[in-house]
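Each chain is listed here by its residues.
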Amino acid sequence: MHPFDDFRALLTNLPISDEFEISLVKKRINECTLPNGPVLKAGALGQLGKLACWYAGWRGAASKEVRNVILACFAGNNGILNNGELIKNLVISAQTGGAAVNNICQLNNVGLRIYDLALDFPTMDIAQDAAMDERGCAATMAFGMETIAGRVDLLCLSAMGAGLEVIEAAVATALYGGAPEDWGLPSSEPLFYNKIQQALALHAVQLHDPFEILRRLGSREMAAMVGAILAARVEKIPVVLEGYSAMLSAAILHKLHPRAIEHCLIGQIPQAAHYVKLAQQLGQEPLLNLQMEHTFGAGGVMAASIIRGAVASTAQLQSFAQSRHSLAERA
């Protein structure tokens, strides 16, 4: 049995969004009327209404309130740069409450989970070997699936790596073609640019399979997030993607199954061409454009707060409409 077989099997039986629950939210919006006319015009809630419908489709009966929001941030060490000590310092800062993301999570009532993915053991240099062996990659994916343990109503995903641009550009180029500069790595960095070209040539025969792209060119952070995204889909938990690595993790699954990431939304992206291009490949527009890079999930948390507000605002419409009808009848 191949280590990736279980993940492929999950992709053949994906749960879908509940159209009945979506219709209930739409009905709640449409019925917010007075006897002599509508309180809300059709589409008055704009994107908030769409977000509430999206969330309801996945969470069903539990969709009137977004209670437990978790930011899962994965930290790994890749073999091209091998900067484990730097990443350890970033992890320690977040674990001890010293990072900007800590304050943002606290203000928005979001739980923060930091995952150390074997920082003392970097992945292999992709220009010389596969980043991970099959079992190691599958095990990291399985580890990522544990992210949804406990009650999670909305999951935000991000990476806390440093110097991931080379790995990200390699994966994006393998997935979508073009050149590394199309996907974030300028040719003005010849050392890393050549590394990617060497890696693409070395692994060329196996790059037709997105899981092989992940294990040969990717990072542990991406492998864990692929597992988390897939597990969330199985349990119908909505996901907010934050950062290029998270988007590429979704892209791996999107390449394997075009509907695999319908439960995902992109939180925010900077106005960088490769981010915009990848979002287009995924068929999505980000909720926010805060011009932020390397936020370690902070932008995703801000996007999650908007989703929370959208759900809360539509959940109140029915009681609002009922009270207005009651007042009108008394008058």
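Residues numbered from 1 in each chain as written. Predicted model: local features only at pLDDT ≥ 70, side-chain atom pairs only at ≥ 80, totals over all residues. Heavy atoms only, no water.

Student: Let's hear about the nonpolar core: which residues, and what values?
Tutor: Grouped together as the largest cluster of nonpolar side chains are 73 residues, with contacts concentrated most on Met 141, Leu 155, Leu 157, Val 171, Leu 217 and Leu 278. Looking at this core, the element that brings in the most residues is helix H10 (residues 220–234), giving 10 residues. Not counting chain neighbours up to four residues away, the residues in contact with Leu 278 comprise Tyr 176, Trp 183, Tyr 244, Met 247, Leu 248 and Ala 251. (Core = buried A, V, L, I, M, F, W, Y, C linked by side-chain atoms within 4.5 Å. Buried < 20%, exposed > 50% of the residue type's maximum accessible area, 1.4 Å probe, protein only. Helix = DSSP H or I, 4+ residues; strand = E, 2+ residues; numbered from the N terminus. Contact = heavy atoms within 4.5 Å.)

Student: Give me the lowdown on the pattern of salt bridges, citing residues and values where you can.
Tutor: Note on pairing: side chains with opposite charge can pair once their charged atoms come close. Scanning all chains against the criterion turns up 11 salt bridges. When the shortest N-O distance is used, the salt bridge between Lys 88 and Asp 120 registers 2.4 Å. With Lys 88 in helix H4 (residues 84–95) and Asp 120 in the loop between strand S4 (111–116) and helix H6 (134–145), this pair connects stretches of sequence that are 32 residues apart. Residue classification places Lys 88 among the partly exposed residues on the basis of a relative accessible area of 23%. With relative accessibility at 53%, the residue Asp 120 sits in the exposed group. (Salt bridge = Lys/Arg side-chain N within 4 Å of Asp/Glu carboxyl O.)

Student: If you had to explain the packing of helix H3 (residues 46–59) against helix H13 (residues 298–315) to someone new, which residues and values would you point to?
Tutor: Where H3 contacts H13, the two axes come as close as 8 Å, and the packing angle between them is 90°. Taken together, the axis directions place H3 and H13 in an arrangement best described as roughly perpendicular. Between H3 and H13, the contacting residues are Leu 48, Leu 51, Ala 52, Trp 54 and Tyr 55 on the first element and Ile 306, Ile 307, Ala 310, Val 311 and Thr 314 on the second. Of the residues in the contact of H3 with H13, the class split is 9 nonpolar, 1 polar and no charged. (Axes fitted to C-alpha atoms, helices over the stretch in contact; angles between N-to-C directions. Parallel < 35°, antiparallel > 145°, perpendicular 65-115°, else oblique. Nonpolar A, V, L, I, M, F, W, Y, C, P; charged D, E, K, R; others polar.)

Student: Could you give me a rundown of the pairing of strand S5 (residues 154–159), with the residues and numbers involved?
Tutor: Where a strand is regular, its side chains alternate between the two sheet faces. Taking burial as the measure, the 6 residues of S5 include 6 buried ones, the bulk of the element. Every second residue of S5 is oriented toward a common face, with Leu 154, Cys 156 and Ser 158 on one face and Leu 155, Leu 157 and Ala 159 on the other, all of them buried. Pairing analysis gives 6 bridges linking strand S3 (residues 69–75) to S5, with the strands arranged parallel. Considered in S5, the bridge of Cys 73 is made with Ser 158. (Pairing = 2+ DSSP bridges.)

Student: Describe H3, with residues and values.
Tutor: Over its 14 residues, H3 extends 20 Å from the first C-alpha to the last, a length consistent with the 20 Å expected when each residue adds 1.5 Å. Of all 14 residues in H3, 10 are buried; the element is thus mostly enclosed. Where H3 is concerned, the buried positions are Gly 49, Leu 51, Ala 52, Cys 53, Trp 54, Tyr 55, Ala 56, Gly 57, Trp 58 and Arg 59. For H3, the elements touching its buried residues are helix H2 (19–30), H10, strand S6 (239–241), strand S7 (264–266) and H13. Two residues or fewer after H3 comes Gly 60, characterised by a positive phi angle close to 60°. (Expected span 1.5 Å × (residues − 1).)

Student: Can you break down helix H8 (residues 190–202) residue by residue, with the values?
Tutor: For an α-helix, 3.6 residues make a turn, and residues three or four places apart therefore share a direction. Between the first and last C-alpha of H8 there are 18 Å, a value that for 13 residues agrees with the 18 Å anticipated at 1.5 Å per step. At its buried positions, H8 is contacted by helix H7 (165–176) and helix H9 (210–217).

Student: Describe the sheet that holds S3, with residues and values.
Tutor: One open sheet accounts for 5 strands, arranged S4-S3-S5-S6-S7; its pairing is parallel. Among the strands making up the open sheet, the edge pair consists of S4 and S7. Between one strand axis and the next, the sheet turns through 25° on average, direction left out of account. Lying over the sheet, H4 contacts S3 and S4, oriented at roughly 155° with respect to S4.

Student: Hey, could you go over the state of the cysteines for me, with residue numbers and the actual values?
Tutor: On inspection of all chains with the given rule, the structure shows 0 disulfides. Its sulfur unpaired, Cys 264 is 11 Å from the next cysteine sulfur, which belongs to Cys 156. The buried category is assigned to Cys 264, whose relative accessible area is 2%. (Disulfide = S-S within 2.5 Å.)

So, to be careful, I would describe these as geometric facts and stop short of saying anything about function.
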